[in-house]
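The chain contents come next:
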Amino acid sequence: DSETDNFQLRRIVSESPEINSPRFIGIENPLKNILNSFQMREVNRNRALEFNFPFHYKTIVILDIPEGYNVEIPENFNTHHHMINKEFQYLQNAEIKDGKLQVQYDFFLGKAVYEKNYLQIKSFFDKSISSANQNILLRKN
């Protein structure tokens, strides 16, 4: 039997509207920089792709919507990209529930070395990076 370590971190983030624009507050994807580090620039690749290790990042953000603000979620924000074998998965989802903005970001990489399917893997990362670069905006009325 192997034990599974579960690590959960709760962060409370507070920002003054003066840091951004007094009329806008942007919510950036916390996995954006991680995903952007996986840009694959080679057109074709004849050797294995090697990652440092398999991993799973899951972040759930629950934010009280400040009074006088409307939430703007990009039209195609909610998405789930995965490869056929489910060893690569990226999901992002946002909804407003009970006066709170709830956003989930989930990125899973199943193993460290991939011998085949470079073009499928590249396509997965291209789509996932594009999705992760979308921001949610809180706009003051």
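All figures in this text were calculated on a predicted structure; none of them were measured in a lab.

**Some words on the environment of V43**
And then number 1: Relative to the helices and strands, V43 is located in the loop between α1 (32–36) and β2 (49–50).
And then number 2: We classify V43 as exposed; its relative accessible area is 63%.
And then number 3: When the C-alpha atoms of V43 and K122 are compared, they prove to be 9.0 Å apart, with 79 residues separating the residues in sequence.
And then number 4: With residues up to four places along the chain from it excluded, the contact list for V43 reads Y118 and L119.

**Points about the sheet that holds strand β5 (residues 79–82)**
And then number 1: Spatially, four strands are ordered β3-β7-β6-β5 in an open sheet, and the strand pairing comes out antiparallel. With partners counted over all chains shown, the strands left at the sheet margins are β3 (55–64) and β5, one partner each. Across the sheet, the mean angle separating the axes of adjacent strands is 5° when strand polarity is ignored.
And then number 2: Relative to strand β7 (residues 100–109), β3 is paired through ten bridges, and the arrangement is antiparallel. Along β7, the bridge assignment pairs V61 with V103.

**Overview of the confidence of the model for the protein**
And then number 1: The pLDDT averaged across the protein works out to 86; a share of 84% of its residues lies at or above 70.
And then number 2: Below a pLDDT of 50 lies the segment residues 14–21, which in the model reaches five contacts outside its immediate sequence neighbourhood of four places, other chains included.

**Description of the nonpolar core**
And then number 1: By size, the foremost hydrophobic cluster in this structure holds 30 residues, and its most contacted members are F51, F88, F107 and F125.
And then number 2: Those elements giving two or more residues to this core turn out to be β1 (24–27), β4 (69–72), β6 (88–97), β7, α2 (118–132) and β9 (136–140).
And then number 3: Here the element with the most residues in this core is α2; it accounts for six residues.

**Structural notes on the side chain of S128**
And then number 1: Mapped onto the elements of the fold, S128 is located in helix α2.
And then number 2: Looking at S128, its side chain comes within polar contact range of the main-chain oxygen of F124, at 2.9 Å.
And then number 3: Among residues more than four places away in sequence, those in contact with S128 are L35, H81 and Y90.

Rules and cut-offs
Residues numbered from 1 in each chain as written. Predicted model: local features only at pLDDT ≥ 70, side-chain atom pairs only at ≥ 80, totals over all residues. Heavy atoms only, no water. Helix = DSSP H or I, 4+ residues; strand = E, 2+ residues; numbered from the N terminus. Buried < 20%, exposed > 50% of the residue type's maximum accessible area, 1.4 Å probe, protein only. Contact = heavy atoms within 4.5 Å. Pairing = 2+ DSSP bridges. Axes fitted to C-alpha atoms, helices over the stretch in contact; angles between N-to-C directions. pLDDT = per-residue confidence, 0-100. Core = buried A, V, L, I, M, F, W, Y, C linked by side-chain atoms within 4.5 Å. Polar contact = N/O pair within 3.5 Å; in protein donor to acceptor, adjacent residues only side chain to side chain.

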